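Observations on chain architecture
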Amino acid sequence: PSEEARRTDLMTITRFVLNEQSKHPESRGDFTILLSHIVLGCKFVCTAVNKAGLAKLIGLAGDTNVQGEEQKKLDVLSNDVFVKALISSGRTCILVSEEDEEATIVEPSKRGKYCVVFDPLDGSSNIDCGVSIGTIFGIYLMKDAHEPTVDDVLLPGKKMVAAGYCMYGSSCTFVLSTGRGVNGFTLDPSLGEFILTHPDIKIPKKGKIYSVNEGNAKNWDGPTTKYVEKCKFPKDGSSPKSLRYVGSMVADVHRTLLYGGIFLYPADKKSPCGKLRVLYEVFPMSFLMEQAGGQAFTGNQRALDLVPKKLHERSPIFLGSYDDVEEIKALYAAEEK
Ligand code: P6P
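What counts and what doesn't
- Residues numbered from 1 in each chain as written.
- Predicted model: local features only at pLDDT ≥ 70, side-chain atom pairs only at ≥ 80, totals over all residues.
- Heavy atoms only, no water.
- Phe/Tyr/Trp six-rings, centres within 6.5 Å; stacked < 30°, edge-to-face > 60°.
- Helix = DSSP H or I, 4+ residues; strand = E, 2+ residues; numbered from the N terminus.
- Buried < 20%, exposed > 50% of the residue type's maximum accessible area, 1.4 Å probe, protein only.
- Pairing = 2+ DSSP bridges.
- Contact = heavy atoms within 4.5 Å.
- Axes fitted to C-alpha atoms, helices over the stretch in contact; angles between N-to-C directions.
- UniProt positions renumbered as here; feature names shortened; annotations may be inferred.

A separate point is the packing of aromatic side chains. How two aromatic rings sit relative to each other is given by the distance of their centres and the angle of their planes. Counting across every chain of the model gives nine aromatic pairs. Pairing F137 with F174 gives two aromatic rings, centres 5.7 Å apart and planes at 40°, and the pair type is tilted. With F137 in strand 4 (residues 133–141) and F174 in strand 6 (residues 172–177), this residue pair connects regions lying 37 residues apart in the sequence. Since its relative accessible area comes to 0%, F174 is described here as buried. Between Y245 and F263, the ring centres sit 6.5 Å apart and the planes meet at 10°, which makes this aromatic pair stacked. Linking Y245 in the loop between strand 10 (242–243) and helix 6 (249–259) with F263 in strand 11 (residues 262–265), this pair joins segments that are 18 residues apart in sequence. You can call F263 buried: its relative accessible area is 2%. What links up through ring pairs into an aromatic cluster is the set F137, F174 and F194.

See the structure below:
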């Protein structure tokens, strides 16, 4: 489209999803309504995160706010907002949040057919230093109506119908896949709308960046140690990869998606299952990587094939450019023999 057309033909996330929905004649718009409530939650968190720094600086955050209420921590506040927004959408039946030990079973009168797993504010320990943080979510569809149980979300990631994240950084970026590729939207604060800015994101087949917490190197297993060694001292005469590690999963994954490379959170002697949570960190990011032409591996298998047994289960994860992940898969396969 011409510059003029592009400027006036605003493709908002709502319009984009409605276009997607029109490809499913049987759809009654439930997903569109669900997504609009997730987007609402993200807009709220974006505002709260941007204010938090300021509030802290000028003491607004104190222990009690002007109403004398106990000022909630931002991740607890974000969780409350998402839980309420998802329930009020009338399209969900089970919610699993990083902040809640137990799953939330939605009351029958407000129940819909989607199960949502989410981390309302991943990386929140980085707020005080202004590093980008984010909301991560995954959506399962409950086929036939039945009394919801935890078993409806203890499914492999490949059963997800959608996944995405919202990154609260220099701009507020919403990245989404509904199983037909990956698209990125940027919040235009003057409109209060997410506008399509990154259509059909494809991750480069191979990258020049590796992203891992090198501070854990002492505890890594053989294949991870060998792979990182290869990144730093390539034997084939190629130049070493650059290390970029923010320590906030949404920021590290977003950079990997756009620039290529590999993000690793391996198992180590201290944490044999790694640190990242399967349902609402590993699965959504793995889903997006595959949809963008990359891949995601746990050290044993394709990440999306993993069947979680517990809500807050962890897994090692290696995700990013297809060829880069292939290399570490080969090292783990060689270890098996
Ligand atoms: P480490 C943030 O606390 C987080 O959950 C992810 O966002 C991030 O990728 C990871 O932990 C960082 O962990 O051990 O490297 O500080």
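Read from one edge of the open sheet, five strands run 10-9-11-13-12, paired in mixed fashion. At either margin of the open sheet sits one strand with a lone partner, and together these are strand 10 and strand 12 (295–297). Alignment of strand 9 (residues 209–211) against strand 11, held across two bridges, turns out to be parallel. Along strand 11, the bridge assignment pairs Y210 with I262. Set on the sheet, helix 6 makes contact with strand 9, strand 11 and strand 13 (317–320); between it and strand 11 the angle comes to about 150°.

Now for the UniProt feature "domain: Fructose-1-6-bisphosphatase class 1 C-terminal" (unreviewed entry) in the protein chain. When the UniProt feature table is mapped onto this chain, "domain: Fructose-1-6-bisphosphatase class 1 C-terminal" (unreviewed entry) is found at residues 203–332. Structurally, residues 203–332 comprises 36% helix and 12% strand, and the distance from its first C-alpha atom to its last is 23 Å.

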